[in-house]
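# Summary of structural features
Chain residues, written in single-letter form:
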Amino acid sequence: MTSARNRELFGLLPIALAVSAGFAAVLIARDAEVNDATLTYGAAFLVLCLIGHLFIRVRLPNADAYLYPVAAALAGMGIVMVYRIDPELAREQAQWFVLGLAAFAAATLLLRDLSVLERYRYTIAAGALLLLILPRVTGGVTNGAYLQIDLGPIAFQPAELAKIAVVIFIAAYLADTRELMVTYERRVLGVSLPPLRHFGPMLVVWAFAMMLLVFIRDLGSSVMFFGGFLALLYVATGRLSYVVIGLAMFVFGFMFFEATVGHVGARVDAWLDPLNPDLYYAVGGSGQIAQGMFAQADGGALGAGLGEALLTSGGTPVLPAAQTDLIYAVVVNELGFVGAIALLLLYLLFVERGLKTAMLASDPFAKLLATGLTAVFALQVFVIVGGVTRVIPLTGVTLPFVSYGGSSIVANFILVALLMIVSDQARRPRDEGGVL
Amino acid sequence: MTEPIAVALKFALLILLFLFVVWVVRGSLRDLAVGSGGSEFDPLLAGGGDNAPIDLRRGVHPRLTVVAARNYETGSSFDLTGGLLLGRDRPAEVIVEDPFASARHARIAPRGPYNFLEDLGSTNGTYLNGSRVAAAERLAPGDRITIGDTEFRYEE
């Protein structure tokens, strides 16, 4: 178990070096002298990661050795990229990174026992709903979607925290009812259907996803929540038919709203034909997608180099939302195909460790929680990378840990903390298992 | 246009990232090789190995007798020499047709002179004489093994 912690410690070193190299490259590209500042940034990053590591050493000695270093690698890459886009934003991002680590530490201190989350499932679900509805009531419209709550100087995106709360609720609910769903299912036309009583919540979650789509106008989060829910439903019941029904329901709802709600339809049009001049020059049109594609093509195999991407031309931004939605395009532009592969491999490995954690967990709630958190995380990466690479319509969700955005960083650190708590319990040696 | 040092630093960043990725992949593969137990001690795997012929005291023929099952006749029995896998689907040797059974639910395997019952991380648990099996439990003749509504008796 200490060997896991030593491996974790060892993994932080190459990341700190990589972050230092990244900062130095950005500074050189700015014609600035490479001064002590670069090394200071790298060292500060390492020290922060080490503080988080010490918390893990004390509180979660048996947890997975790789989740934390991979998260740190993603966050480090994020800070370098945001620093390259705007040093002022990077300063804020660094502060959010510290807050994220604080949230991580707080979660490991407060949540020794995950059953607390299981017990307060309805409170958590109500909180998630409130979080999601608030921006509609108080906040302003960002790119046609109601995403933010303005708390004085800080803009807060509640969907990021809500995704964790929703997963906790669904995992707790399914941990209780999945046996009933499977036992009392009926076969209709050769398709097994769960009993209506237990099918109800599925309709509620579907309605909830559709509500996100229409009222909050947040297509990305809607895909994330519903996809995470279907993944959990499949893991809990082992019935592929439920997933097929759920997907059909989602596609049906999406097609209906695509035709009737302008915001959704515009996104689809921009996705299908981004180089159409009418759409390209339209406000909120396809210009962002097209420029993102140009930026990625410009990167080539090995990238233009840090600091070389064309982000503004004559004072006007070429890449809108470069530090958030399109940060993946900036990474590809500057680090090339190779850099994109490195980034995606990091995400893949994070997901692999998350699912491994789920497989090791023996408690049904912990197992479902780890599965759901990993699924939502993976879907979020898919939604934004898929959007930027034009696999699916582009919708604004953050690239976890990398995009600029305070609520995103904090929420994802809490997600890592929850996964590691599950992992710590699952990997605890058996003779200690009785003493909880 | 581009400073050679900046290019070198970019490659340093990429190389470090890939080295890190390789390091995590190697660790994950080792984790897989250890088996689902991770760092846990697995009494069944730690015993002499899967195929090692184990001398279960001479003249003893361990059997698993069906007490109640949907797809087996009550009273029929399975030969336990060498161990058996219980689960809902293949490759389990004893197919437990029960909504509470997992695909790979439990295993009975010899270790030393005794047979052990081990729950393979099933969702609904395996019960030995009415109490849930946490890790591996030693079997004695007459023990009741319950998975959902399905019940077996261990005999020697």
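### Focus: the overall build of chain B
Scanning chain B from terminus to terminus reveals 2 helices and 11 strands. Listed by position from the N terminus, the elements making up chain B come as α-α-β-β-β-β-β-β-β-β-β-β-β. Taken over 156 residues, chain B has a buried fraction of 30%.

### A look at the overall build of chain A
When helices and strands are tallied, chain A shows 16 helices and 8 strands. The 436 residues of chain A split such that 54% are buried.

### Some remarks on the packing of helix H4 (residues 87-110) of chain A against helix H16 (residues 406-427) of chain A
Residues and elements named next belong to chain A. Orientation of H4 relative to H16, taken along the N-to-C sense of each, is 30 degrees, at an axis distance of 8 Å. Between H4 and H16, the interaxial angle falls into the category roughly parallel. Two packed elements cross with a definite hand, and for H4 against H16 that hand is right-handed. Contact with H4, carried on its side by Trp 96, Phe 97, Leu 99, Gly 100, Leu 101, Ala 103, Phe 104, Ala 107 and Thr 108, involves Gly 406, Ile 409, Val 410, Phe 413, Ile 414, Val 416, Ala 417, Leu 418 and Ile 421 of H16 and no other residues of that element. Residues belonging to the contact of H4 with H16 are distributed by class as follows: 15 nonpolar, 3 polar and no charged.

### Description of the interface of chain A and chain B
Counting from both sides, the interface comprises 41 residues of chain A and, opposite them, 33 residues of chain B. When contributions to the side of chain A that touches chain B are tallied by element, the ones reaching two or more residues are helix H1 (2-29), helix H3 (67-85), helix H7 (158-183) and helix H14 (327-360) of chain A. The element contributing the most residues to the side of chain A that touches chain B is H1(A), with 13 residues. Residues of the side of chain A that touches chain B, tallied by class, amount to 27 nonpolar, 7 polar and 7 charged.

### Notes on the sheet that holds strand E3 (residues 84-87) of chain B
Pairing is mixed in the open sheet, where 5 strands are placed in the order E4-E3-E5-E6-E9 (chain B). A single partner strand is all that each edge strand has here, and the edge strands are strand E4 (94-95) and strand E9 (136-138) of chain B.

### Structural notes on the packing of H3(A) against H4(A)
All names here are of chain A. Running from N to C, H3 and H4 point in directions that differ by 155 degrees, and their axes come no closer than 6 Å. Considering the angle they form, H3 stands roughly antiparallel to H4. In this structure, H3 crosses over H4, and the sense of that crossing is right-handed. Between H3 and H4, the contacting residues are Ala 75, Ile 79, Val 82, Tyr 83 and Ile 85 on the first element and Pro 87, Leu 89, Ala 90, Gln 93, Ala 94 and Phe 97 on the second. Considered class by class, the residues forming the contact of H3 with H4 number 10 nonpolar, 1 polar and no charged.

### Quick look at the environment of Leu355(A)
Residue and element names in this part refer to chain A. Secondary-structure assignment places Leu 355 in helix H14. For Leu 355, a count of 16 C-beta atoms within 10 Å translates into the label partly exposed. Along the chain, Leu 355 and Phe 365 lie 10 residues apart, while their C-alpha atoms are 14 Å from each other.

### Section: the pairing of strand E5 (residues 106-111) of chain B
Residue and element names in this part refer to chain B. Among the 6 residues of E5, 5 are classified as buried, and the element is accordingly described as predominantly covered. Pairing of E5 with strand E6 (residues 114-119) involves 6 bridges; the strand directions are antiparallel. In the sheet register, Ala 109 faces E6, and the bridge partner there is Phe 116.

### Overview of the sheet that holds strand E2 (residues 77-79) of chain B
As a general point, the strands of a sheet are linked pairwise by backbone hydrogen bonds and lie either parallel or antiparallel. Residues and elements named next belong to chain B. Taken in spatial order, the 6 strands make up an open sheet running E2-E1-E11-E10-E7-E8, and their pairing is antiparallel. In the strand order of this sheet, the two ends are held by E2 and strand E8 (131-132), each with one partner. Bridging between strand E1 (residues 63-68) and E2 involves 3 bridges; their strand directions are antiparallel. Paired with Leu 64 across the two strands is Phe 78, which belongs to E2.

### Section: helix H9 (residues 219-237) of chain A
Residues and elements named next belong to chain A. When the terminal C-alpha atoms of H9 are compared, their 27 Å separation across 19 residues agrees well with the 27 Å that a helix rising 1.5 Å per residue should span. The buried fraction of H9 amounts to 18 of the 19 residues, a majority that puts the element mostly inside the structure. With its phi angle positive at about 70 degrees, Gly 238 sits one or two positions after the end of H9.

### Section: the confidence of the model for chain A
Residues and elements named next belong to chain A. Averaged over chain A, the pLDDT score is 83; the fraction of residues at 70 or greater is 86%. Taking the mean pLDDT of every element in chain A, the minimum, 59, falls on strand E1 (residues 141-142) and the maximum, 94, on H14. Low confidence marks residues 432-436, where pLDDT is under 50. Its contacts with residues over four positions away, or in another chain, come to 2 contacts.

### Focus on the nonpolar core
Membership of the largest hydrophobic core comes to 157 residues, with the highest contact counts inside it found for Ala171(A), Val330(A) and Leu369(A). Discounting chain neighbours no more than four positions away, the residues touching Val330(A) are Met81(A), Ile85(A), Ala295(A), Ala309(A), Leu319(A) and Ala322(A). The next biggest cluster of nonpolar side chains, apart from the first, holds 18 residues, and it includes Leu64(B), Ala92(B), Ala109(B) and Leu117(B).

### Quick notes on the pairing of strand E10 (residues 144-147) of chain B
Residues and elements named next belong to chain B. For strand E7 (residues 127-128) and E10, the ladder comprises 2 bridges, and the chain directions are antiparallel. Its bridge partner lying in E10, Leu 128 is registered against Ile 145. As paired strands, E10 and strand E11 (residues 150-155) are joined by 4 bridges and run antiparallel to one another. Residue Ile 145 lies in a different strand from E11, and its bridge partner there is Phe 152. Where E10 folds back onto E11 in an antiparallel hairpin, the turn is made up of 2 residues, including Gly 148, whose phi is positive at roughly 60 degrees.

### Brief notes about unusual backbone geometry
Peptide bonds are mostly trans, and most non-glycine residues show a negative phi. Residues and elements named next belong to chain A. For Arg 390, which is not glycine, the phi torsion reads 65 degrees and is therefore positive. Relative to the helices and strands, Arg 390 resides in the loop between helix H15 (364-388) and H16. Notably, Phe 401 is not glycine yet its phi reads approximately 75 degrees, a positive angle. You can see Phe 401 is positioned in the loop between H15 and H16. On the neighbour-count criterion, Phe 401 (29 C-beta atoms within 10 Å) is buried.

### Some words on helix H11 (residues 262-272) of chain A
Residue and element names in this part refer to chain A. Looking at H11, one finds that the buried residues are Val 264, Arg 267 and Ala 270. All buried residues of H11 lie within an arc of 130 degrees about the axis, which places them on one face of the element. Pointing more than 90 degrees away from the buried face of H11 are the exposed residues Gly 262 and Leu 272.

What counts and how
Residues numbered from 1 in each chain as written. Chains lettered and ligands numbered in written order. Predicted model: local features only at pLDDT ≥ 70, side-chain atom pairs only at ≥ 80, totals over all residues. Helix = DSSP H or I, 4+ residues; strand = E, 2+ residues; numbered from the N terminus. Buried ≥ 20, exposed ≤ 12 C-beta atoms within 10 Å, placed from the backbone. Axes fitted to C-alpha atoms, helices over the stretch in contact; angles between N-to-C directions. Parallel < 35°, antiparallel > 145°, perpendicular 65-115°, else oblique. Left-handed = near helix turned anticlockwise from the far one by under 90°. Contact = placed C-beta atoms within 7 Å. Nonpolar A, V, L, I, M, F, W, Y, C, P; charged D, E, K, R; others polar. Pairing = 2+ DSSP bridges. Expected span 1.5 Å × (residues − 1). pLDDT = per-residue confidence, 0-100. Core = buried A, V, L, I, M, F, W, Y, C linked by C-beta atoms within 7 Å. Arc of directions from axis to C-beta.

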